[in-house]
Each structure stands twice: as structure tokens, then as C-alpha cells.
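# Summary of the model geometry
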Amino acid sequence: MDASALSYDRPFGIAILAMGGQGGGVLADWIVALAEGEGWIAQSTSVPGVAQRTGATIYYVELIRPREGASPVLSLMPVPGDVDVVIAAEMMEAGRAIQRGLVSPERTTFIASSHRAYAVTEKQKPGDGIADPTNVEVAARGVSARFYCADMQGIASQAGSVISASLFGALAASGALPFARERFEDTIRAAGVGVEGSLRAFAGGFDAVRTPNAAAAEAKTEAPSRVVGGTPAEQAELTRALARIDAEFPADGREMLRVGLARVVDYQDVAYGHEYLDRVARLPPDLAAEAAKQVAVALAYDDVVRVADLKTRGSRFARVRDEVAVRGGQILDTTEFMHPRVEEVCATLPAKWGAWIEGSPAAQKMLGLIFNRGRRVRTTTVVGFVQLWLVASLKPRRRTLLRHGREMAHVDAWLDLVARHAATDTGLALELLKCRRLVKGYSDTHARGQSKFDRVIAAADRLAARSDAADWIRRLRDAALADEDGATLDGALKTVATLETEPARERLPA
């Protein structure tokens, strides 16, 4: 080719970072179709990768105005510092774009969705391992020429579409491309797939950039403060429970108590809601707000019955259909992976039966042959759904099951310990309440968490005479959350053991 036939006009580069299922390829195709419809030359490429959540792909689009007698040479990959628009379909992907150097303060319009899809490393930590997205947002504003950020996933879900449509709207509103809004919308119509939902999501993304405050206000929803449904008698008891909150508890804890009440009533029944309030009332009023949260979590523990109940609810099937954007005429098949241990099976039996099996090696071996293997249950089939539904139907009998009796004994022992120390050290009592966050999940996860919890609170009596007892319990809790196997906690407990013979020191800063 004659070098004089090459165009030296600079192409316009757009990098899209998206995960599997987010429609990054669709977004790239729309941009190419839009540009070509306006008489531009466009080229798109994609480089798939592997993230700790799902397949992460970089889609790269280059656009250039045609020049008579010249042929453009377009790049296959974005070059750091030379990208005009970067679109990140999730906040961690925005961070990846910054790390790769794709965003520059001289040139780049940066568009990102503020929602999160958590990485495996975030989920596997015993405590709250979620990375702070604020750091990414601050960095994004500093390294880009213009930064637009909104919950594009929420906008798309509300519109019954996928995030690619709302991101396309944000791109249109940013003004980075010299094309009218109508041309963007015509591109969606021309594609002919999910047009109405995509146009709604497009409009939401457009408004989120042009009028962000108004869009955020419209998207904001208030959490319900009351539980609805049930028989007239249950509603009367629920009204009485809500009245108890206003009459018996301090104002700063009432909102959390209402949320906690809603959780435990949904978990079991209204009578269980009154049990919840009774347990919180055992503690001093200045601990009510924290107790409201932690006791609700403790009473709504995860068991096989709860898991089966959640997996067979109509609301869950509707949510899954919305998440995968099932269209009219399409069939959704849902498969659940269930792997209850023999311990979970025993815990789901009446207390006497479960205890007898636990004491009989032969009975345990027989149950192990049946249950100690994973099962894939298709809940969109009659047989699969009925299997889980039967387990969920044990909910009214939960109070008679072995697991419930043990959980309540454990909770009551914990609250007795908190109440005892609250009489002399409110700070220590508060830290003991917060230790409940160590216990979560079910099966092996629950067993590990409860073991750590028991070891941490067992140190309370040993530390109670010290002025810095609350600080030490906080440190032990942080150590328990540091790793899965508890090695850090082991070291911290050894340190505590050496403190027994030392005099109490001045309280350490929090």
C-alpha cells in the first residue's frame, strides 16, 4: 500500500471493561453501528480475560472520520494514555482501568457504574472483606478529564434491561461522541432485541449523567418499617410488638429494632418477634441499638430449613428471572447445589432423635452414605422443588428441632455474659455484643465462626479487671476476622494469657 494513502487523522478510542453477562459486546456493537450509521469508520476488538468473579473482557472500539483517498490503520488494543473514553461496568473494573493506565487526565472521559460485584477474595474473608469503593472513586476523579458515576446496574434492573443499555445512555449524555441522542436511540431500535426495556435503561443512564441529583432522588427507596401480611391475629400481635418498641426502648434504638423485628418475624413468626424483643430488653437501654442488630442476626441463624425456604420463594424465582433478563417465551432452568453434612441432618431432626443419632456411630455411618455427597437439585422441576419445599415446611416445627435448642442456649449464655459485664463496664459489654458478627453462614462456615466466637468471649472474664478490657476484646475479634483458620487469633490469645499476671494499664486508644 502506498504510504501516501494512509490517513494520519487521529482515531477516537473507546475502551469497555465488563464482566461476563453484562453485555459489553452488545455495547461495543452498538457503538460501531452508531458510528457507521453516521458515516464514520469503526473497528472493534475484544480480549477476554479471567477475573475472580467471572470472565472479564476488554472491548476496544476505534472510530475515525473517513478521508477521501486514504485508508485508516486502527489499533487492536487500547494504548495507555491514548484512550478518549473508558467505560467500566462495575467499580472494581474501574479500578482495573486505572491500574492499566487507560485513564488520563488530559483526554479521558471516564464512565463507571457504582455498583459492586464482589470478588472471591472479598467473599471468603471471615469478616467484612469488601474493598472500599470510595478509594477508586477518588482516584477516578483525579486521573480523568471528566468522571461520571452512577448505579447503572440498578437503573438497568429497574428498567427491565441490562447494564449495557444504561451505559450507552451515559455515553450519549457525556457528549464525548458528536452524535445526537436520537441517533443512539435509533441504534437500539435497529438492533431489534429487547428494544423497549433497553430504551428505558438508556434514558435512565442518560438522566443519571445529565441530572445526577434528580436521578438519585428518584431511585431512592425507603426501607419498610412494618411487616405486612398474616392472619388478623398475627397482625394484632405484630401491632403489639411495634407498640412495645416505642414504649419500652430508647429512641436511638427503635429504628434498628423495627428492622430486626421484621427480620425475625420473616424468619419464623410473630411470637418469635416477641422473643426477640424480650431478649433485647434484658440488656441496659444504652446497648439497645447494638443489641437490636446483633440479637436479630443471632436469632435468624442460617439452617437447612432457612436455606430451603429462601430457595423456594416466588420472590427468588422472580429475582433470578430479572437478573438473567428472561424474555417472553424463554424457559429458565434453575439448579441448586446442596451438600448438607450429617451434622446438619441431625440438627434438622427433633431434638431427641437428632441427639440419639449423634450418639450412635452406626446411625451416623448410615446417614453419611445417603447425605455425604453433593446434590444438584433442579428447583424448576416438580421433583426438585418438592424436595426443598418439604424441608422448608419444617419451619413451624423449628422450635422442636435439635439445632434450635442449641442455638437458643448459646444465645442466652452470650446475653447473660453481656448483661453481667454491662453492670461494671459498658464498653466491654458493647464489644462482646459486636463479637456476634463472628458467627455466620451454616455448615463448616458456621462451625468455624462459632468456635472463634466462643474463644473470644471466653477471654472476657479473664480481662474484666483491666481498664483496657474492651480494647482487648476488640483486638481479639479483629484477630479472629483476619484469617479463616484462626492462626492470628491463636497468637492474640497467647498474648492475652501473659496479661493475667500484669497490673492493669492505662486504657489504650481505640
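Attention in this report is confined to the structure presented alongside it. (Residues numbered from 1 in each chain as written. Predicted model: local features only at pLDDT ≥ 70, side-chain atom pairs only at ≥ 80, totals over all residues. Heavy atoms only, no water.)

### Description of the overall build of the chain
Looking only at helices and strands, the chain features 25 helices and eight strands. Burial statistics for the chain: of 510 residues in total, 45% are counted as buried. Sequence-distant contacts in the chain: of pairs separated by 6 or more residues, those separated by 24 or more amount to 71%. Put simply, the chain shows about 25,400 Å² of open surface, and 55% of that area lies on carbon and sulfur atoms. (Helix = DSSP H or I, 4+ residues; strand = E, 2+ residues; numbered from the N terminus. Buried < 20%, exposed > 50% of the residue type's maximum accessible area, 1.4 Å probe, protein only. Contact = heavy atoms within 4.5 Å. Areas by Shrake-Rupley, 256 points an atom, 1.4 Å probe, with all protein chains shown as cover.)

### Notes on the packing of aromatic side chains
Under the criterion given, the structure shown has 11 aromatic pairs. Between Phe168 and Phe184 the ring centres are 5.0 Å apart and the planes differ by 55°, which places this aromatic pair in the tilted class. Here the residue Phe168 occupies a position in helix α6 (residues 163–174), and Phe184 occupies one in helix α7 (residues 181–191), the gap between them amounting to 16 residues. One exposure class covers both Phe168 and Phe184, and it is buried. Geometrically, the ring pair formed by Trp414 and Phe453 is edge-to-face, given 6.2 Å between the ring centres and 75° between the ring planes. Of the two residues, Trp414 is situated in helix α20 (residues 402–422) and Phe453 in helix α22 (residues 444–457); the sequence distance between them amounts to 39 residues. Using a relative accessible area of 1% as the deciding quantity, one classes Trp414 as buried. With relative accessibility at 0%, the residue Phe453 sits in the buried group. Among the aromatic residues, ring-to-ring pairing joins Trp30, Phe168, Phe184, Phe202 and Phe206 into one connected group. A cation sits over an aromatic face here: Arg436 above Phe453, 5.3 Å from the ring centre. (Phe/Tyr/Trp six-rings, centres within 6.5 Å; stacked < 30°, edge-to-face > 60°. Lys NZ or Arg CZ within 6 Å of the ring centre and 35° of its normal.)

### Remarks on the nonpolar core
Counting 58 residues, the largest nonpolar core has Tyr276, Trp414, Leu463, Ile473 and Leu476 as its most contacted members. With eight residues, helix α24 (residues 469–482) is the largest single contributor of residues to this core. Counting residues in hydrophobic clusters, the runner-up holds 45 residues, among them Ala18, Leu34, Met152 and Leu167. (Core = buried A, V, L, I, M, F, W, Y, C linked by side-chain atoms within 4.5 Å.)

### Examining the packing of helix α2 (residues 91–99) against helix α4 (residues 133–143)
Put simply, α2 and α4 touch, their axes get as near as 10 Å, and they point 45° apart. It follows from the interaxial angle that α2 and α4 lie oblique. The interaxial crossing formed by α2 with α4 has left-handed handedness. Facing α2, whose interface residues are Met91, Ala94, Gly95 and Ile98, α4 presents Pro133, Val136, Glu137, Ala139, Ala140 and Val143. Of the residues assigned to the contact of α2 with α4, the class counts are eight nonpolar, one polar and one charged. (Axes fitted to C-alpha atoms, helices over the stretch in contact; angles between N-to-C directions. Parallel < 35°, antiparallel > 145°, perpendicular 65-115°, else oblique. Left-handed = near helix turned anticlockwise from the far one by under 90°. Nonpolar A, V, L, I, M, F, W, Y, C, P; charged D, E, K, R; others polar.)

### Remarks on the sheet that holds strand β4 (residues 85–88)
The strand order across the open sheet built from six strands is β2-β3-β1-β4-β5-β6, with neighbouring strands paired in mixed fashion. Two strands close off the open sheet at either side, each with one partner strand: β2 (41–48) and β6 (146–150). Neighbour to neighbour, the strand axes of the sheet diverge by 10° on average, direction disregarded. Looking at chain direction, strand β5 (residues 109–113) and β6 are connected through five bridges and run parallel. Paired with Phe110 across the strands is Phe147, a residue of β6. Together, β1 (12–19), β2, β3 (56–64) and β4 form the strand contacts of helix α1 (residues 24–37), whose direction differs from that of β3 by roughly 5°. (Pairing = 2+ DSSP bridges.)

### Focus: helix α10 (residues 232–248)
Taking 1.5 Å per residue, 17 residues should reach 24 Å; α10 reaches 24 Å between its end C-alpha atoms and fits that length. Every buried residue of α10 is accounted for by Leu238, Ala241, Leu242, Arg244 and Ile245. The arc that holds every buried residue of α10, seen down its axis, measures 150°, which confines them to one face. Of the exposed residues in α10, those oriented more than 90 degrees away from the buried face are Pro232, Ala233 and Ala247. (Expected span 1.5 Å × (residues − 1). Arc of directions from axis to C-beta.)

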